[in-house]
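Single-letter residue listing:
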Amino acid sequence: MKLGLVIDLDVCVGCHACAVACKQWNTSGTLGALTDYAPYGRNPSGVWFNRIRHYEVGDFPHNKTVNMPLSCMHCEDAECVNVCPTGASYKRKEDGIVLIDQDKCMGCNYCAWACPYGARELDRAEGTMKKCTLCIDRIYDQYLPPEERQPACVLTCPAHARHFGDFDNPLSKVSQLVRERGGTTLMPELGYQPTNHYLPPRPTRPIDTSAEKQTSLMHKVKEWVNKLITT
Ligand code: SF4
Ligand code: SF4
Ligand code: SF4
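Definitions and limits used
Residues numbered from 1 in each chain as written. Chains lettered and ligands numbered in written order. Predicted model: local features only at pLDDT ≥ 70, side-chain atom pairs only at ≥ 80, totals over all residues. Helix = DSSP H or I, 4+ residues; strand = E, 2+ residues; numbered from the N terminus. Buried ≥ 20, exposed ≤ 12 C-beta atoms within 10 Å, placed from the backbone. Contact = placed C-beta atoms within 7 Å. Near = placed C-beta within 6 Å. Nonpolar A, V, L, I, M, F, W, Y, C, P; charged D, E, K, R; others polar. Core = buried A, V, L, I, M, F, W, Y, C linked by C-beta atoms within 7 Å. Expected span 1.5 Å × (residues − 1).

Structural notes on the overall build of the protein chain
Piece 1. Each helix and strand counted, the protein chain has seven helices and eleven strands in total.
Piece 2. The C-alpha extent of the protein chain, read off along each of the three principal axes, is 75 × 50 × 40 Å.
Piece 3. When burial is assessed residue by residue, the protein chain has 29% of its 231 residues classed as buried.
Piece 4. Relative to all contacts within the protein chain whose residues are 6 or more apart in sequence, the contacts with residues 24 or more apart total 57%.

Listed below in structure tokens is the structure:
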């Protein structure tokens, strides 16, 4: 098995719900707390497994906002694993999930420097490295109903932009989405072979924001309302 995520950049609205659900699940989950620094202070911050970036791409009037969630890609050739001096970082053979053994991690930061996707964050309170676990404590939980054995971020996304599944199975939803929508990995030229894929945003048609267009639209709406009243 090769488990991972597909994220649809065409429909992600950048609401951060996935990041918050991830933080909530992983703070109360079985793998231990996701540290916050001064949560009620002036500048609250903390460790996150999933962060959403926002980019404005293209030139007006063909510009578009692209919201880009970023978490661990569970790379096939994971450089974070290659550089870890204690063996704390490892990739599971059975499903490809990359994890960190918290008991072996000494917080040296090598893996965070090696990861090209910025997916690892040092927990300064615990002195160990943290990152997305692909919700391993949800997806195999036999006590959860089958439909809930999915990552918290996938279950939460209100736009259904996130999908979870097995990339080794050509019939899985994630494999089909990648095939049908031209899904791609981030920076494949680096050679780490990320498992997570992104579906590209489709080009937008420019919206006519001219005063003439707006006046004509308002006129049409007024006509439509008048018609409603008189019929
Ligand atoms: S995205 Fe970064 S942390 Fe995740 S497996 Fe790849 S190199 Fe490691
Ligand atoms: S799969 Fe789980 S740990 Fe990873 S980003 Fe989603 S909610 Fe967070
Ligand atoms: S919850 Fe869904 S729509 Fe909102 S930021 Fe995350 S992926 Fe995008």
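Describing the site of ligand 2
Piece 1. Ligand 2 sits among 13 residues. The nearest are Cys-22, Cys-132, Cys-135, Pro-151 and Cys-153.
Piece 2. Put simply, the parts of the chain that give the shell around ligand 2 at least two residues each are α1 (17–28) and α5 (152–156).
Piece 3. Of the residues in the shell around ligand 2, the class split is nine nonpolar, four polar and no charged.

Quick word on the nonpolar core
Piece 1. Counting 42 residues, the largest nonpolar core has Ile-7, Cys-22, Cys-80, Val-98, Ala-119 and Cys-153 as the members making the most contacts within it.
Piece 2. For this core, the secondary-structure elements that each account for two or more residues are β1 (3–8), α1, β7 (98–100), α5 and β11 (197–199).
Piece 3. For this core, the element with the most residues is β1, which contributes four residues.
Piece 4. Setting aside residues no more than four positions away along its own chain, Cys-80 makes contact with Ser-89, Val-98, Cys-111, Ala-114, Cys-115 and Arg-120.

Quick notes on α1
Piece 1. Between the first and last C-alpha of α1 there are 17 Å, a value that for twelve residues agrees with the 16 Å anticipated at 1.5 Å per step.
Piece 2. Those residues of α1 that fall on the buried side of the exposure criterion are Cys-18, Cys-22, Lys-23, Trp-25 and Asn-26.
Piece 3. Against β5 (64–70), α5 and β10 (162–166) lie the buried residues of α1.

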